[in-house]
Amino acid sequence: MKSNKYNYHEQLNINNNLKLRAMLKELPSFCLMFFRGIEQSTASRTRIAYAYDLGIFFNYIKDNNPEYSDMDIKDFPIDILDKITVSDVEEYLDYLKVYSKNDSEHINKETGIKRKLSSLKSFYNYYFNNELIKDNPPAKVKVPKLHEKEIIRLDPDEVSDLLDEVASGDKLTKRQKAFHEKTKLRDVAILTLMLGTGIRVSECVGIDINDVDFKNSGIKVRRKGGAESIVYFGDEVELALLDYLEFREKIEAVPGNENALFLSLQNKRLTVRSVEMLVKKYASLITTLKHITPHKLRSTYGTNLYKNTGDIYLVANVLGHKDVNTTRKHYAAIEEERRKNARNAVRLHKDNDEE
């Protein structure tokens, strides 16, 4: 049987590029220059995010500026950018906090507003630096300050309870238990892998069978931005993967999905959304007030690794953070605790028994 000639990541980029083409048809025609200009320096997923954010911006202009209300967005001229003022950008950011579109209410919190302003800044920078527009108002708007959120992590007993529930399925409904018999080994492997390596859910679903190297206890993953990296796993992860692979070998995957490590009940590669729902299902079975997501599993691993090594650079490297300051920000509370615990590490006077 002929398999798909593209691997998961190549096919994902193809799908993203096709989606971007469709999105560009709804944007002003001059936007094409921008997306061609950033193609070599951005991931396909990033370009889609830009297109989505710019779509909201141009829809806002059409809905709130009488001069353009009767014009199709695709026909907006490039000189529209020179008519936008700093005040207009600030009003747009205020609008983003809550607005209605197509009978649906949309809400953006601090991170959402910051991302959309960042998209607008990148967009304007391209045209301004290429001398296609005269001014760059978004560059004069301050990025909204983000209030630090507490990093949610699972305590050791919560990790143990979660994995026990995945393995037993005792608290699942009768209907869920029927499916659980078919997915138990897979689900245990996924949760153990994520808690034992800290990989992102997008990295997890992209793993192929031949990416797993038991000889060196490593798995090849594709990081954000497209770079490949080897993530190393311990004994517990190895056992969970071996148990699942023995079961996986008996499954005939749908053509094009033969290489995928983790398969759905339809024998297709699991999606990010499927893993998110999987984690949500099992998390609902344990006693905790925490909202558990795949990213919380990643934070849990990072916390444990930092507590056991005290090496923030190692944690940054293992988690695939490009900037160690990102890691430091996430684990600042633990760093503070370590400093506090070290307050008596240096003795100034000799103890009596040392005299």
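To be clear, the structure that these remarks concern was listed above.
Residues numbered from 1 in each chain as written. Predicted model: local features only at pLDDT ≥ 70, side-chain atom pairs only at ≥ 80, totals over all residues. Heavy atoms only, no water.

> It is not clear to me how helix 2 (residues 31-38) should be interpreted in this structure. Could you clarify?
Side chains that are three or four residues apart share a direction in an α-helix, a result of its 3.6 residues per turn. Looking at helix 2, one finds that the buried residues are Cys31, Phe34, Phe35 and Ile38. Buried residues of helix 2 fall within an arc of 90° about the axis and therefore sit on the same side. Buried positions along helix 2 lie against helix 1 (8-24), helix 3 (44-64) and helix 5 (110-129). (Buried < 20%, exposed > 50% of the residue type's maximum accessible area, 1.4 Å probe, protein only. Helix = DSSP H or I, 4+ residues; strand = E, 2+ residues; numbered from the N terminus. Arc of directions from axis to C-beta. Contact = heavy atoms within 4.5 Å.)

> What's the story with the packing of aromatic side chains in this structure? I'm lost.
Remark: the centre distance and the inter-plane angle together describe each pair of aromatic rings, the angle taken between the planes. Applying the stated criterion across every chain, the model contains 20 aromatic pairs. Relative to Tyr124, the ring of Phe123 lies with its centre 6.4 Å away and its plane at 80°, an arrangement referred to as edge-to-face. What makes Phe123 buried here is its relative accessible area of 0%. Centroid distance Tyr126 to Tyr127: 5.2 Å. Interplanar angle 90°. Geometry classified as edge-to-face. For Tyr127, a relative accessible area of 0% translates into the label buried. (Phe/Tyr/Trp six-rings, centres within 6.5 Å; stacked < 30°, edge-to-face > 60°.)

> Can you help me understand the pattern of salt bridges in this one?
Two side chains bearing opposite charge may form a pair once their charged atoms approach each other closely. As enumerated under the stated definition, the model contains 16 salt bridges in all. A salt bridge links Lys97 to Asp94; its shortest N-O distance comes to 3.4 Å. Judged by relative accessible area, Lys97 falls into the partly exposed class, the value being 46%. The salt bridge partner of Lys140 is Asp135, with a shortest N-O separation of 3.1 Å. You can call Lys140 exposed: its relative accessible area is 53%. (Salt bridge = Lys/Arg side-chain N within 4 Å of Asp/Glu carboxyl O.)

> Help me understand the side chain of Lys121 in this model?
Along the chain, the position of Lys121 falls in helix 5. This buried residue, Lys121, is left without a salt bridge; Glu90 holds the nearest opposite charge, at 9.9 Å. Beyond its immediate chain neighbours, meaning those up to four positions away, Lys121 contacts Pro138, Ala139, Val141 and Val143. (Lys, Arg positive; Asp, Glu negative; His and termini not counted.)

> I keep staring at the pairing of strand 2 (residues 104-107) and nothing clicks. Help me out?
For a regular strand, the rule is simple: side chains alternate between the two faces of the sheet. The pairing of strand 1 (residues 98-101) with strand 2 spans four bridges and is antiparallel. Looking at the pairing, Ser100 lines up with Glu105 of strand 2. Linking strand 1 to strand 2, which pair antiparallel, is a turn of two residues; within it Asn102 sits at a positive phi near 55°. (Pairing = 2+ DSSP bridges.)

Worth remembering: the numbers are spatial, not functional.
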